[in-house]
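Structure at a glance
One-letter residues, chain by chain:
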Amino acid sequence: MQENQTSNIAPIDPQVYAESLGADTRKKYRMFAYASTWFGCFTDVVMDNSAIIILYLAMLGGSESMIMLSTSLVGMVSMFLLIPTARIVDKLGAKRVINISCYIALASYLMMASGAFFGGMGKYVAFTGCFIFCISKPLWMGAWMPLLSNILLPKERGDFFGFMRFSYYILSASILSLVGFAMGEKPPAWVLQTVIAMTGILVIGRIIFISKIKIPDHVEVKRNIGKSVKEALSNSSLVGFCIYICFISFAYMTVLPLPMLYLKKGLHCGDNIVQIISSVGIFGYVLGFFVYGKLVRQIGIRNMQFMIHTLFILIPLSFFFCGEKTPYVAEIAGVLLFFGNFAFACFYCAFSQETLSLAKPGNVPMSTALCQTYQMMGMGFSRVASSFLLLGGILSTSWNYGGFTFNNYQTIFLICASLGFFGLALVILLPSVIRNRDNYYNP
């Protein structure tokens, strides 16, 4: 079935189409969707959760601020591109936009891998490759939810997102753990180049499996982008959700990459130790995604969100007490990263589930793009702020209190925990906490 064609026929409601498929067909398409993530996940995991890019940029001579800034690029670029992406999806169709994003991701990873061939300019070449990848991410994100809306019923969302991320994180964590054990304390450049290049090539599998999912022929929706945004913003439940998501992402998203940089630059751990600890952290995602579906059915989405917020305070607060003289600090950091990633896994599944619950039929691309924009805005500003704090010498490299010595990394963890605590005042904006029945919300 061709997804894109010129037609005057009105688009088919995604939920009506999903119901018409039948249980067996929906199950088959879910398997294709899972398989597409098993190949495409490595580009996202290596950029967002693994130490590979951090170690590679450090090897090429990148500064602490450049490395931290590279982790913020996805959020900053997505913040500006997700809403325009909704219009692109309306024009080209979800599957075509996904294919475009995959080709950009492939080119970007090959560019990153080539960085070591450019001598002193290599860090800038690799950083540019990171930036180009970040252009592909909002294209993928903006098209993924509209695609899934054609093959998922509301009752299937929680289990789908939980198992999808559980499966691809256990796959990526296992392989990246083996990479960490194999590459040694000081790996040569070609080892990291090979890992990065192969990561890019694997994204071709995403293209193959997405092509097997049959959705209605795409009918270009000539919708005014301003009108679409206005329609999405008219749902005050969605707006409140976006504000909460933006703030809590700003408070917490620095906590995920910062421990790897702290271990490498602050505690001077070997590259293999840093990569192994980052892989241990990825297994935290695995557990979170594995238990999410069952857990959210048992305690409900509202209690789940309260639990996540509590962990978003406790995890950075615990990192604050991990100093240079702390016994077994690397092992403790690994445990904390495991539970920190567990919390984020639950957060991301809940975010995806609630995003689709708030996306009004007929305006799904824009509604989901708006939610994702606010989430990425919080993440981007969080990591940019951390980058500038490390770059500008705004924070003291060490300070004493109560007989204990703390460094600038620990100070950032304390700031994150404090922001999370103040963010408790915003939980009333969640539609699962206080529901406005005059707005669209279909949990």
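All residue numbers refer to position in the chain's written sequence, counted from 1. Where totals are concerned, whole chains, interfaces and linings use all residues; where local detail is concerned, this predicted model gives features only for residues with pLDDT of at least 70, and gives and counts side-chain atom pairs only at 80 or more. Think of the side-chain values as coming from all heavy atoms in the structure, minus any hydrogens and water.

A count of helical and extended segments in the chain gives 16 helices and four strands. Our radius of gyration is a C-alpha quantity, and the globule rule it is checked against amounts to 2.2 Å times the number of residues to the power 0.38. A compact globule built from 443 residues should have a C-alpha radius of gyration of about 22 Å, and the chain, at 21 Å, falls within 12% of that. A principal-axis box enclosing the C-alpha atoms of the chain has dimensions of 70 × 50 × 40 Å. Residue contacts follow a heavy-atom distance rule, with two residues in contact if any of their heavy atoms lie within 4.5 Å. Taking as baseline every contact in the chain between residues at least 6 positions apart, the subset at least 24 positions apart corresponds to 87%. If you sum the accessible surface of the chain, you get close to 17,600 Å²; carbon and sulfur atoms cover 67% of it. Here a strand is any run of E in DSSP of at least two residues, a helix any run of H or I of at least four, and the numbering for each starts at the N terminus. Using the Shrake-Rupley algorithm and a 1.4 Å probe, accessible areas are obtained, with residue cover drawn only from the displayed protein chains.

All right, on to the environment of Lys294 then. Summarising the element assignment, Lys294 is placed in helix H13 (residues 271-320). When the C-alpha atoms of Lys294 and Thr199 are compared, they prove to be 31 Å apart, with 95 residues separating the residues in sequence.

We define a salt bridge as a contact between a side-chain nitrogen of Lys or Arg and a carboxyl oxygen of Asp or Glu at a distance within 4 Å. As enumerated under the stated definition, the model contains five salt bridges in all. With its nearest N and O atoms 3.0 Å apart, the salt bridge here joins Glu156 to Arg26. Of this pair, Glu156 sits in the loop between helix H6 (122-148) and helix H7 (157-183) while Arg26 sits in helix H2 (residues 23-48), and the two are 130 residues apart along the sequence. Among the ionic pairs, Lys137 bridges to Asp44, the shortest N-O distance being 3.8 Å. A residue pair is termed long-range when its members are at least 10 positions apart, and Lys137 in helix H6 and Asp44 in helix H2 qualify at 93 residues.

Attention now moves to the environment of Gly184. Examined against the element boundaries, Gly184 turns out to sit in the loop between H7 and helix H8 (189-202). When its relative accessible area of 25% is taken as the criterion, Gly184 is described as partly exposed. Residues Gly184 and Leu147 lie 37 residues apart in sequence; the distance between their C-alpha atoms is 41 Å. In this structure Gly184 touches Asp271 and Asn272, once residues within four positions along its chain are discounted. Burial status follows relative accessibility: with a 1.4 Å probe on protein chains alone, a residue under 20% of its type maximum counts as buried, one over 50% as exposed, and anything between as partly exposed.

Glancing now at H6. An expected span of 1.5 Å times one less than the residue number is assigned to each helix. With 27 residues, H6 should reach 39 Å at 1.5 Å per residue; the first-to-last C-alpha distance of 39 Å fits that figure. In terms of burial, H6 is a largely internal element, 22 of the 27 residues being buried.

This paragraph deals with the state of the cysteines. By definition, disulfides here are pairs of cysteine sulfur atoms that lie within 2.5 Å. Inspection of every chain in the model, using the stated rule, returns zero disulfides. With no disulfide of its own, Cys416 has Cys322 as its nearest cysteine by sulfur position, at a separation of 14 Å.

Between rings of Phe, Tyr and Trp, where Trp is taken as its six-membered ring, a pair exists when centres lie within 6.5 Å; planes separated by under 30 degrees are stacked, by over 60 edge-to-face, and by other angles tilted. As enumerated under the stated definition, the model contains 25 aromatic pairs in all. Aromatic pair Tyr34 and Trp38: ring centres 6.5 Å apart, planes at 20 degrees, arrangement stacked. Of the two residues, Tyr34 and Trp38 are both situated in helix H2; the distance of four residues between them amounts to about one turn of the helix. Note on Tyr34: relative accessible area 8%, which makes it buried. Here Phe320 and Phe406 contribute two aromatic rings whose centre-to-centre distance is 4.7 Å and whose plane-to-plane angle is 5 degrees, an arrangement assigned as stacked. Placement of Phe320 in helix H13 and of Phe406 in strand S4 (residues 404-407) is noted, with a sequence separation of 86 residues between them. For the pair Phe320 and Phe406, a shared accessibility class is recorded, and that class is buried.

The backbone of Tyr328 shows a phi angle near 55 degrees, a positive value even though the residue is not glycine. As for its position among the elements, Tyr328 is in the loop between H13 and helix H14 (329-358).

A surface patch of nonpolar side chains, about 420 Å² in accessible area, is lined by Leu110, Met198, Ile201, Ile204 and Ile208. The topology assignment puts Ile201 in helix H8. Each patch is built from residues lacking any salt bridge and having more than 30% relative accessible area; the joining distance is 9 Å for like charges and 5 Å for nonpolar side chains (Val, Leu, Ile, Met, Phe, Trp, Tyr).

This next bit is on the pairing of strand S3 (residues 398-401). Note on strand geometry: in a regular strand, side chains alternate between the two faces of the sheet. Pairing between strands requires that DSSP locate at least two bridges from one strand to the other. Looking at chain direction, S3 and S4 are connected through four bridges and run antiparallel. In the strand pairing of S4, Ser398 is matched with Asn407. The antiparallel pairing of S3 with S4 creates a hairpin that spans two residues between the two strands, and Gly402 there sits at a positive phi of about 60 degrees.

The set of buried Ala, Val, Leu, Ile, Met, Phe, Trp, Tyr and Cys residues whose side-chain atoms join them within 4.5 Å is what this entry labels a nonpolar core. Counting 142 residues, the largest nonpolar core has Trp144, Phe160, Ile213 and Tyr252 as its most contacted members. For this core, the element with the highest residue contribution is H14, accounting for 17 residues. Residues in contact with Ile213, not counting those within four places in the same chain, are Tyr29, Phe32, Ala33, Lys95, Leu147 and Ile151.

Along the chain, pLDDT gives the predictor's confidence residue by residue, from 0 to 100. Confidence along the chain averages 84 in pLDDT terms, with 94% of residues attaining 70 or more. Low pLDDT, under 50, characterises residues 1-7; the stretch is placed with 22 contacts to residues that sit more than four places away or in other chains.

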